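Descriptive analysis of the structure
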Amino acid sequence: MTQLLVAAGGGGDVIGTTLVHHALHGDEPAVVLSYSWERLTVDPLPGPRSERDFTGLRPLTPRVFGITAATSTVPPAGSTLPRLAAELPVTLGLLSPYGGVPHLARQITEVVEKYAVDEVEVVDVGGDVFARGDEPTLLSPLPDALVIAACATAGVPTRLRLAGPGLDCEIPESELLPVLGDDFLTLTGADTRGVEHLFDWHPSEASALLVAAARGERGGCVVRDTGRPVVLSDASARVHRIGLDRVLERNRLARALYERGTGTLDDAEKTSWEVCGFSELQRERDRSLRLRDTASPEVSLTEALHGLDAWLGRLRAAHPGARYATFRCVAEGLGLTGAAARSLRTHLVRDRPHRYAAPLFAL
């Protein structure tokens, strides 16, 4: 039987979604629906991509297009989804939020009907989907809230699978665990087979932390853009099961989007301003402008490697007791992105294998 999963946070959650699917359903076929809503290091255009931003899509249903290894983005857009489609054993379908909750609901309904699935599983790595909306550390509630509202609108049986509480650096584990309950499974190293190599090129830190936790790594891990390490604990490898009603009860933004039947992404953004007091779309627009206006000179790989040990010394001093850093944190801390960041990772894994705690860098 084909399983239907929705990666709540977009491209960054697809790896974690595939991991959860394998743990729950083994080798059963799966369709994974996902936004193409990427970090600016992947896609320089703020906001999500629609089918108009791709070539080589194939129709899955009238409103859902499948992404394959032959799919490409239309420059200057970027997306990790085509390569994920090439390397993961799932069928990837593109979700477009520009038509708001009603369009997303129709997309999900069409796939449910085509594959005759009994239940939709929404997968979120980290837990911001279970945020109230007023947490000071919350950064990106809108993609998750739109998915939850769409599933409720579609009226299809839906469960949330919340993987790796706190690993997305938005809602701390200590705040999530008391409200998640005891209905969970724990991922193991065996569940990570076939996905570790993806982090050679994919920038997702939350999914990398989930894989590390499943492999038994424990302790603080420094990630980019935060003032505190993420602590990998026994709970970090858990996948909690939560009913859709409980998510709607807690997630005020999702509930507002559902009750209003928000019909466009612009309207959804306005609702985010009202409920959460901010818009991550506006933050992306602002950051995109800053990156364009303050582009720093490119750092060569040789320069980065020369300054690595001094930078690591400063990192350890700033975060005493931390045991790991993500490779993305190391690369961006040294001024590298894209192909140069991937080259740095290759060098470190080869030249300092004792520091490779797959898929993290051991300090």
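To be clear, the structure that these remarks concern was listed above.
Report on the accompanying structure. (Residues numbered from 1 in each chain as written. Predicted model: local features only at pLDDT ≥ 70, side-chain atom pairs only at ≥ 80, totals over all residues. Heavy atoms only, no water.)

1. Examining the side chain of Glu 38
Positionally, Glu 38 belongs in the loop between strand S2 (30-34) and strand S3 (54-55). Arg 39 provides the closest opposite charge to the buried, salt-bridge-free Glu 38, at an N-O distance of 7.9 Å. Of note is the side chain of Glu 38, whose polar atom sits 2.8 Å from the side chain of Thr 80. Setting aside chain neighbours within four positions, we find Glu 38 in contact with Gly 11, Asp 43, Gly 78, Ser 79, Thr 80 and Leu 81. (Helix = DSSP H or I, 4+ residues; strand = E, 2+ residues; numbered from the N terminus. Buried < 20%, exposed > 50% of the residue type's maximum accessible area, 1.4 Å probe, protein only. Lys, Arg positive; Asp, Glu negative; His and termini not counted. Salt bridge = Lys/Arg side-chain N within 4 Å of Asp/Glu carboxyl O. Polar contact = N/O pair within 3.5 Å; in protein donor to acceptor, adjacent residues only side chain to side chain. Contact = heavy atoms within 4.5 Å.)

2. Let's talk about the packing of aromatic side chains
What describes a pair of aromatic rings is the distance from one ring centre to the other and the angle between the planes of the rings. For the coordinates displayed, the defined rule picks out three aromatic pairs. With a centroid separation of 5.6 Å and an interplanar angle of 85 degrees, the aromatic rings of Tyr 35 and Trp 37 are classed as edge-to-face. Looking at Trp 37, the relative accessible area reads 8%, which means it is buried. Aromatic side chains Phe 327 and Tyr 356 sit 5.9 Å apart centroid to centroid with 70 degrees between the ring planes, which places their arrangement in the edge-to-face category. One end of the pair, Phe 327, is in helix H13 (residues 327-333); the other, Tyr 356, is in strand S15 (residues 356-357), and 29 residues separate them in sequence. For Phe 327, a relative accessible area of 8% puts it in the buried group. An aromatic cluster is present here, built from Phe 327, Tyr 356 and Phe 361 joined pairwise through their rings. The ring of Phe 184 has Arg 238 sitting right over it, with the charged end atom 4.2 Å from the ring centre. Over the aromatic face of Phe 278 sits the side chain of Arg 283, whose NZ or CZ is 4.0 Å from the ring centroid. (Phe/Tyr/Trp six-rings, centres within 6.5 Å; stacked < 30°, edge-to-face > 60°. Lys NZ or Arg CZ within 6 Å of the ring centre and 35° of its normal.)

3. Notes on the sheet that holds strand S13 (residues 238-243)
Taken together, nine strands build an open sheet; the order of strands is S4-S5-S7-S2-S1-S8-S9-S13-S10 and the sheet is mixed. Each edge of the open sheet is held by one strand with a lone partner, namely strand S4 (58-59) and strand S10 (184-186). Pairing geometry for strand S8 (residues 120-125) and strand S9 (residues 158-163), over six bridges, is parallel. In the strand pairing of S9, Glu 121 is matched with Arg 159. (Pairing = 2+ DSSP bridges.)

4. Section: the state of the cysteines
Scanning all chains against the criterion turns up zero disulfides. Just so you know, Cys 221 is unpaired, no disulfide at all, and the nearest cysteine sulfur is the one on Cys 329, 7.6 Å from it. The buried category is assigned to Cys 221, whose relative accessible area is 0%. (Disulfide = S-S within 2.5 Å.)

5. Focus on the pairing of S8
Within S8, six of the six residues are buried, which leaves the element mostly enclosed by the surrounding structure. Residues Val 120, Val 122 and Asp 124 of S8 are buried on one face, and the alternating residues Glu 121, Val 123 and Val 125, pointing to the opposite face, are buried as well. Inspection of the sheet shows strand S1 (residues 3-7) paired to S8 by four bridges, in the parallel sense. Considered in S8, the bridge of Val 6 is made with Val 122. At this point the chain moves from S8, through helix H4 (residues 142-154), to the parallel S9, and the crossover so formed is right-handed. (Right-handed = clockwise from strand over helix to strand, strands pointing away.)

Take it as geometry only, folks, not as evidence of what the structure does.
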